[in-house]
Amino acid sequence: MKPPQLLSRWFSPVISVVGASRWGDRLMAILTQAAAGILLLVAATLVAVLTYQAWPALEHLRQWQILTSTNWDPERGAYGALLFVFGSCVTSVVALLIAVPLGVGAAVYLSEIAAPARRRLASFFLELLAAIPSVVFGFWAVEFLAKRLLGPFYDLWGWKHQSGEGLLAAGIVLAVMILPYVTALSYDACRSVPASLREGALALGATRWQTIRHVVLPVARPGILAAVLLALGRAVGETMAVTMVIGNAQYFDISPTATGDTIPSLIAKQLHETTPQEPRRAVLMALGLLLLALALVMNTAGRAVVRGRVQPRRRPLCAGFGQTSGNDDPAIRAEAAYPIDHPLSRYVSSRWNHRIDQGMTAVLALCQWLTILPLFLILGYITWRGAGEVSWSFFTHLPHDQPPGLAHALYGSALLVALATLVAAPVGLLIAIFLHEQPHHPLSGVITRCAEWLTAVPSILIGVFGYVLLVSPPWTSRPWGYSAYAGAFALAVMMVPVVARSAQEALRAVPAHLREAALALGATRTQTLLAVLLPAAWPAILTGILLAAGRIFGETAPLILTARGSQFFPQSLSDPTPSLPFYIYDFAQKPDDVLQRLAWAGAFVLVIIVLCVNVASRFLSRSAHSTR
Amino acid sequence: MQQSRWSTPIHRLRKQTIAIILVALTSISGCRGNGSAASTRITAGGATFIDPLMQKWSAEYRRQQGVEIDYVAKGSGYGITNVINRNLAFGCTDAPMNKGETEQARNTGGDVLHIPLTLGAIAIIYHLPGVPDLILSGEVLADIYLGQITQWNDPRIAALNPGVALPAKAIVPVRRAEASGTTYVFTEYLSKRSREFADKVGVSKSPKWFVEILGKEGNAGITAHVKQTEGSLGYVELEYARKNQLATARLLNAAGKAVAPEAGAVTAAAQAALEAPRTSEPYSLHPLTFSCTDAAGETAYPIVGVSYAILYQKQPKQPGQSLVAFLKWALQQGQSYAAELGYAPLPAELVRRGSELLDTVTYE
């Protein structure tokens, strides 16, 4: 049987060898199932490793008063970690208090009021804000937010403070970091409100603000709640930005200028100061488990709300509109048909309503500006401090050379990301193929859930996982030490689910008739996949891989514990390996002007690289769409 | 027709893919520019106290012998545990391993040697414009870190500095955020001078401080913070203070004299400490470890730290042999670089005994 004409030249040799026989299908099935198996294995090992190392602490949870005491003094055998739980809670709550009103306001403005051009521009800026690496947020927060904004502000009131650092500063920087998520997800929720509902309200004489308040927000409530939950999951697990600005104090204080510490920050600072035998390791691991549980619960709850599994209680809407279609519960219908409080009288055109409408439009517009503002503050400040420090030697020299540079860190970063991509891209793609080709496989639901969970695991825990598994495994007497392998492994674990998800979306977006046509022509499944599906989905897949690579390029937390850093170029993959974000973090804390300037230059270069990748992948996906 | 419509975008994508891969590959290989041919590399890390000297040694030794010492400073606690865990070939610490750590090491890889590498003063740095000279005592320092003295114009500081106009500003003390040998030596000194400090805080690499004090990573982190924050005070190795031109306080020593942190005053303290009996833990656990705080003598500076290299006595052949060769070099030729960086060279006696101790390393 002759292969169909649609075969691309790109895949033709592969297809003719493996595609044309039933062995091809079998091979493909084995490969995709193996990739899916790897994902399950990684997720299971992650939990198993943490639990195994945390076991002594879990056994003595009561006795050591881990969650009931604030007395943290490991040298004297006191392991009360309540302070860190408290720190994590306070910073997350502060972040939510700031980010949710702003983000939801901005989302409503973009969805209901803004012109399409502004909407596109705003979403572009938000994506950029989301792409900025957390170590850059941290650096900016220490130098600008704490020292130049909060410090002087505290001085104004005469409050005693520690250069503006503390829980509040950490909360604010977290708020900035989760703003893009809250805004984007709330925006989606608002957009999914059927237009007919809005039109109905407007037709009844409601102003735009009344429509937003009485129709859009109530209907979008589950989506917004999900946005809040997902953002909270992220905020709880954030490490680098928080650890740089929170003050690392271990003292209970609830004043506005209080310093403190959070669970991820504690783990990042102390885990590699422990040996597997000592109780402190177990306590840190137990805290890691708690963090994992928190992040997963938030994530699962958020996704359940999105999927409609959990329906948050909706306020009955006025005049029957706002009911989601397909709601067959007669009780709700009846309630909708005869609302208790008939509010039509509100919608009388009056000067007062008009004023409120105008005022609220201005408020929402302000929210939208405020969500974009941090991006410019950060980019502006980094450019101001860093752009002038970038010179040719930055890319060619070592930090202690004359003139100094960060060549080894750039090289190390590229090496780690390339290595991680080399592993994660094929595995992620195969998982996506598995999910796409075998949607009814008994494991496909579990795999999807696993991938979602892995994306929600705080990055510091991925670092811990790499550390325990590859740097200092408890079962060998000759550990492998810090290495590029360990670093790349941690990065790859972060990357796989992201690649899998975007590739799955890409495959799903290929029109079904292409696939059916190929199968109808007698192509095997593998042939169809290689010759039709993959080529058609390739641009989107590539975009996904690029975006994922760009994201892990800026990751610091998983590398501190695995690749560590090094004064030299790595000679082999088993050496400790330097990376750009690691050295930004390191040099940001140095007193020497030379190293500080290097850190700023590094932050500037990192931001430029990450933003370029982001813009390039957008461009790539757009050009691919236009040619289709 | 059909053929061309389908192959065009794919063809372009193929080019894009290849271009991206090529760019990635060239950027990776291009960055390598001045990377040298493979040479022996020793992975090390630990104390930030000795970091400036260690980086100097690393550069010199690489130039002379072609062996690279990859020393990453992350605190003494990091050095100790990573030596125990065998993630590092050797580590540095200013606090000798305590009983628990020694035991864990013995269960993991056998006995650990402590080789003294250098001596340095822990300077009290402060940021107070208009006050270039300040005298402090151990008791006053202890009360600052206990939160009992909070203002620069406190009568007890004023009594030590007659005629100095002290501002009515809050003192912002800084401590180390991670487990640190510098903190260990500092708290040892404060505990010797203040009964209350010994009871409430005690001697530790990462003590539980009695009050809320800002934590910073590394000697460098404290230095950076004091440099940038008016009213702050911290404790760092002398070289950090010198390089950043920060004011250092003179301290009252055991003989009641105000002594500035200088190499001479460090040597004097070390001489006195070497003659003192070593009875208390952890100094009794390891040969060649000394407590140099609050030493006797008119010219002795009271807070002196000894930085030790720690390594397992049983070493693999490689990099064990290169490692021992480097440590011997650091003990002997390396001492000549100590003075220019504000460290005090080791007494000849210690150099000899350190080299002898290194000879007991066995290779498997």
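Parameters and conventions
Residues numbered from 1 in each chain as written. Chains lettered and ligands numbered in written order. Predicted model: local features only at pLDDT ≥ 70, side-chain atom pairs only at ≥ 80, totals over all residues. Heavy atoms only, no water. Helix = DSSP H or I, 4+ residues; strand = E, 2+ residues; numbered from the N terminus. Buried < 20%, exposed > 50% of the residue type's maximum accessible area, 1.4 Å probe, protein only. Contact = heavy atoms within 4.5 Å. Areas by Shrake-Rupley, 256 points an atom, 1.4 Å probe, with all protein chains shown as cover. Buried area = accessible area lost by both parts, 1.4 Å probe. Salt bridge = Lys/Arg side-chain N within 4 Å of Asp/Glu carboxyl O. Polar contact = N/O pair within 3.5 Å; in protein donor to acceptor, adjacent residues only side chain to side chain. Nonpolar A, V, L, I, M, F, W, Y, C, P; charged D, E, K, R; others polar. Domains from an automatic or database assignment. Pairing = 2+ DSSP bridges. Phe/Tyr/Trp six-rings, centres within 6.5 Å; stacked < 30°, edge-to-face > 60°. Lys NZ or Arg CZ within 6 Å of the ring centre and 35° of its normal. Axes fitted to C-alpha atoms, helices over the stretch in contact; angles between N-to-C directions. Parallel < 35°, antiparallel > 145°, perpendicular 65-115°, else oblique. Left-handed = near helix turned anticlockwise from the far one by under 90°. Patch = residues over 30% accessible without salt bridge, like charges linked within 9 Å, V, L, I, M, F, W, Y side chains within 5 Å.

1. Side note on the overall build of chain B
- Across its full length, chain B holds 13 helices and 14 strands.
- Sorting the 364 residues of chain B into buried and exposed places 59% on the buried side.
- Across chain B, every contact between residues at least 6 apart in sequence was considered, and the portion connecting residues at least 24 apart equals 74%.
- For chain B, the computed accessible surface area is about 13300 Å², with 54% contributed by carbon and sulfur atoms.

2. Observations regarding the overall build of chain A
- Assigned secondary structure in chain A consists of 23 helices and two strands.
- Expressed as a percentage of the 628 residues in chain A, the buried residues total 59%.
- Pairs at least 24 apart in sequence give 77% of the contacts found in chain A among residues at least 6 apart.
- Within the structure as shown, chain A displays about 25400 Å² of accessible surface, and the carbon and sulfur contribution to it stands at 65%.

3. Regarding the interface of chain B and chain A
- Facing the 80 residues of chain B at the interface are 74 residues of chain A.
- For the pair chain B and chain A, the summed buried area comes to about 6600 Å², and 50% of that belongs to carbon and sulfur atoms.
- Our enumeration of links across chain B and chain A arrives at six salt bridges.
- A salt bridge links Arg564 of chain A to Asp70 of chain B; its shortest N-O distance comes to 3.9 Å.
- Where chain B packs against chain A, one counts 25 residue pairs in polar contact (both at pLDDT 80 or more).
- When grouped by side-chain class, the residues that make up the side of chain B that touches chain A number 30 nonpolar, 29 polar and 21 charged.

4. Section: the domain arrangement of chain B
All names here are of chain B.
- Under the domain assignment used here, chain B contains domain 1 (35-118 + 307-363) and domain 2 (121-285).
- Put simply, the middle of domain 1 and the middle of domain 2, counted by C-alpha atoms, are 26 Å apart.
- Each side of the interface is counted separately: domain 1 has 25 residues, and domain 2 has 27 residues.
- Each partner contributes to the roughly 1900 Å² buried at the junction of domain 1 and domain 2, and carbon and sulfur atoms together form 61% of this total.
- Taking the shortest distance from any N to any O, the salt bridge between Lys99 and Glu281 comes out at 3.8 Å.
- Joining domain 1 to domain 2, the criterion identifies nine residue pairs in polar contact (both at pLDDT 80 or more).
- Elements with a minimum of two residues in the side of domain 1 that touches domain 2: α2 (51-65), α3 (76-84) and α4 (99-109).
- Residue composition of the side of domain 1 that touches domain 2, by class: 12 nonpolar, seven polar and six charged.

5. Some thoughts on the pairing of strand β4 (residues 112-126) of chain B
Residue and element names in this part refer to chain B.
- For β4, the tally of buried residues reaches 15 of 15 residues, placing the bulk of the element in the interior.
- In this sheet, strand β12 (residues 304-312) lies alongside β4 in antiparallel orientation, the contact comprising nine bridges. Looking across to β12, one finds that Leu119 is bridged to Val306.
- Two elements, β4 and strand β8 (residues 232-237), share five bridges in a ladder whose sense is antiparallel. Each residue of the ladder has a partner; that of Ala123, found in β8, is Val236.

6. Looking at α3 of chain B
All names here are of chain B.
- Of all the nine residues making up α3, nine are buried; the element is thus mostly covered by neighbouring parts of the structure.
- For α3, the full list of buried residues reads Ser76, Gly77, Tyr78, Gly79, Ile80, Thr81, Asn82, Val83 and Ile84.
- In the segment just after α3, Arg86 is the residue with positive phi, at about 65°.

7. A few points about the pattern of salt bridges
Residues and elements named next belong to chain B.
- A complete count under the given rule lists 39 salt bridges over all chains for this structure.
- In this structure, the salt-bridge partner of Arg250 is Asp133, at a minimum N-O distance of 3.0 Å. You can see Arg250 sitting in strand β10 (residues 250-252) and its partner Asp133 sitting in the loop between β4 and β5 (135-136), a full 117 residues away along the chain.
- By relative accessible area, Asp133 is classed as partly exposed at 37%.
- One salt bridge in this structure joins Glu298 and Lys257, with 3.6 Å as the shortest N-O distance.

8. Section: the environment of Val172 of chain B
- With respect to the helices, strands and loops of the structure, Val172 of chain B is situated in strand β6 (residues 172-176).
- Linking Val172 of chain B and His127 of chain B, residues 45 residues apart in sequence, is a C-alpha distance of 9.7 Å.
- When neighbours within four sequence positions are excluded, Val172 of chain B is seen to be in contact with Gln162 of chain A together with Gly231, Ser232 and Leu233 of chain B.

9. Regarding the packing of aromatic side chains
- On inspection of all chains with the given rule, the structure shows 35 aromatic pairs over all chains.
- With 3.9 Å between their ring centres and 20° between their planes, Phe139 of chain A and Trp600 of chain A make a pair best called stacked. Highlighted residues: Phe139 of chain A in helix α5 (residues 134-157) and Trp600 of chain A in helix α23 (residues 593-627), separated in sequence by 461 residues. Both residues of the pair, Phe139 of chain A and Trp600 of chain A, belong to the buried class.
- Considering the side-chain rings of Tyr145 of chain B and Trp209 of chain B, the 5.4 Å spacing of their centres and the 45° angle between planes classify their relative orientation as tilted. Placement of the pair is Tyr145 of chain B in helix α5 (residues 138-145) and Trp209 of chain B in the loop between α8 (195-200) and β7 (214-216), with a sequence separation of 64 residues.
- On the basis of relative accessible area, Trp209 of chain B is assigned to the buried category, the value being 7%.
- Members of the aromatic cluster, each reached through a chain of ring pairs, are Phe139, Trp140, Phe144, Tyr381, Trp384 and Trp600 of chain A.
- We note Arg26 of chain A situated over the ring of Trp23 of chain A; from NZ or CZ to the ring centre the distance is 5.1 Å.
- Against the face of Tyr312 of chain B rests Arg86 of chain B, its NZ or CZ located 5.5 Å from the ring centre.

10. Digging into the packing of helix α2 (residues 22-59) of chain A against helix α17 (residues 459-471) of chain A
Residue and element names in this part refer to chain A.
- Where α2 meets α17, the axes come as close as 10 Å, and the angle between the chain directions of the two elements is 80°. The angle between the axes of α2 and α17 places the two elements in the roughly perpendicular class. Touching Val42, Thr45, Leu46, Val49, Leu50 and Gln53 of α2 are Leu461, Val464, Phe465, Val468 and Leu469, all from α17.

11. So, the packing of helix α15 (residues 407-437) of chain A against helix α18 (residues 484-508) of chain A
All names here are of chain A.
- With their axes 6 Å apart at the nearest point, α15 and α18 run at an angle of 35° to one another. Here α15 runs over α18; the crossing is right-handed.
- The residue inventory of the contact of α15 with α18, partitioned by class, reads 23 nonpolar, five polar and one charged.

12. Concerning a nonpolar patch on the surface
- A cluster of nonpolar side chains, contributed by Phe153, Leu156, Trp157 and Trp159 of chain A, occupies part of the molecular surface with about 480 Å² of accessible area.
- In this structure, Trp157 of chain A sits in helix α5.

13. Thoughts on the sheet that holds strand β11 (residues 258-259) of chain B
Residues and elements named next belong to chain B.
- In spatial order, the strands read β5-β10-β11; together these three strands make up an open sheet with mixed pairing. A single partner strand is all that each edge strand has here, and the edge strands are β5 and β11.
- Inspection of the sheet shows β10 paired to β11 by two bridges, in the antiparallel sense. In the strand pairing of β11, Leu252 is matched with Ala258.

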